[in-house]
Structure formats: C-alpha cells, structure tokens
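One-letter residues, chain by chain:
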Amino acid sequence: MADIKDPENTILMELKDGTVTIELMPDLAPKHVERMKELARAGKYDNVAFHRVIEGFMAQTGDVANGNMEDNFNLRAAGTGGSDMPNLPAEFSKVPHARGTIGAARSANPDSANSQFFINFKDNDFLNGQYTVYGQVISGMEHVDALTRGEPPANPDRMISVKVAADA
C-alpha cells in the first residue's frame, strides 16, 4: 500500500487487478481536484469504463454520463459526455505529462474539461501546457498498465470504485 500523506487529496481507484493510489495536486489545479473528489464522493465514477486505452500513450475514463457499465451502457456513446456540472477552466502548469500523471480530458476548447481524465502510460511531453495535470499515480500503476487496449476496447475494463482516501 502507498504511503498516503494527505488522505483528503488522495484517490483510491479500485481496478480488476487491484488498487491504484492517486495523489491529487490541489495547489496546481484546485478546481480539477475538487471536481474529482466531488464526483468520487457521489459515487459517479464507480463502474465507469476505460473507453479509450492506447498502447504507449494513455488510458482515458471518467465519462459519468455515458460510461457507467451498470446503467444503460452504450460503448459507442462512452467518451462523449461529462457530468451535469459546468465545464472547468484550464489550469495549465509547468508539471510535465509524465508516466502516471492524471490529465484532464477535454475537447478542442481548453476550458471544456468536465469529468473525463486520462492516465499517461509514458512521458507524453507533447501534451505539456495543453492539458491540465492534477494528479500522480503513487502506487498501482501496474494495474493501469494491465487495462485492455482499444478505441474503444471490445470488452472495456472499468473503475470498480473510486473513493477519496479520507472517506475509505
């Protein structure tokens, strides 16, 4: 188990093979961190599919409107929605998109991030300064590495549960 320094700003994501511990970065991206915690606490990320998993790049999930595999799931729609909350303004920083960082997924509009996010499989420096980084996997990256690949995967993996460590 990871050494959790700040339980209020740590996410425990349960995947099929084990727990992924994510240290959030509230000093860097306070609005994105708050949104992730709010959605986690509401159970919105539970059972949400990894709808886009690209070898050597990243794994994307978090479509709480269309990605819940236990609630009228449609694989073709997964990745097209967000939450019922307003989009977030970009919170770009100098933190690089390194292996294990959490980035806010968005459309072409920099201020369109909502609930979707991605976990980088490797250093993706070409994303630096263009997508908000707001977390870092501190343990369990091997479970992210084991996710089924595809855009979308034929049989996607899911986040079984997502919790704020302070609540676990």
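Going by the structure above, here's the rest.
Residues numbered from 1 in each chain as written. Predicted model: local features only at pLDDT ≥ 70, side-chain atom pairs only at ≥ 80, totals over all residues. Heavy atoms only, no water.

**Q** Please provide a residue-by-residue account of the packing of aromatic side chains, values included.
**A** Following the criterion strictly, the structure yields three aromatic pairs and no others. Look at Phe118 and Tyr131: their rings are 5.9 Å apart centre to centre, the planes differ by 80 degrees, and that puts the pair in the edge-to-face class. In this pair, Phe118 sits in strand E7 (residues 117–120) while Tyr131 sits in the loop between E7 and strand E8 (133–139), placing the two residues 13 residues apart along the sequence. One cation-aromatic arrangement involves Arg106 over Tyr131; the distance from NZ or CZ to the ring centre is 4.2 Å. Lying across the ring of Phe121, Arg149 places its NZ or CZ 4.3 Å from the centre. (Phe/Tyr/Trp six-rings, centres within 6.5 Å; stacked < 30°, edge-to-face > 60°. Helix = DSSP H or I, 4+ residues; strand = E, 2+ residues; numbered from the N terminus. Lys NZ or Arg CZ within 6 Å of the ring centre and 35° of its normal.)

**Q** Talk me through the nonpolar core; I want residue IDs and the actual numbers.
**A** One finds Met13, Tyr45, Phe117, Tyr134, Val144 and Met159 to be the most contacted residues of the largest nonpolar core, which totals 32 residues. Broken down by secondary-structure element, the contributors of at least two residues to this core are strand E1 (10–15), strand E2 (18–24), helix H1 (30–41), strand E6 (101–104), E7, E8, helix H2 (141–145) and strand E10 (161–164). The dominant element in this core, judged by the number of residues it contributes, is H1, at four residues. Membership of the second largest hydrophobic core comes to six residues, among which are Ile54, Phe57, Phe118 and Leu127. (Core = buried A, V, L, I, M, F, W, Y, C linked by side-chain atoms within 4.5 Å. Buried < 20%, exposed > 50% of the residue type's maximum accessible area, 1.4 Å probe, protein only.)

**Q** Give a description of the environment of Leu75 that names residues and reports values.
**A** Mapped onto the elements, Leu75 comes out in the loop between strand E5 (58–61) and E6. Separated by 80 residues in the primary sequence, Leu75 and Asn155 place their C-alpha atoms 9.2 Å from one another. Ignoring sequence-local partners within four residues, the contact set of Leu75 consists of Pro152, Pro153, Ala154 and Pro156. (Contact = heavy atoms within 4.5 Å.)

Spatial relationships are all this shows, so hold off on functional conclusions.
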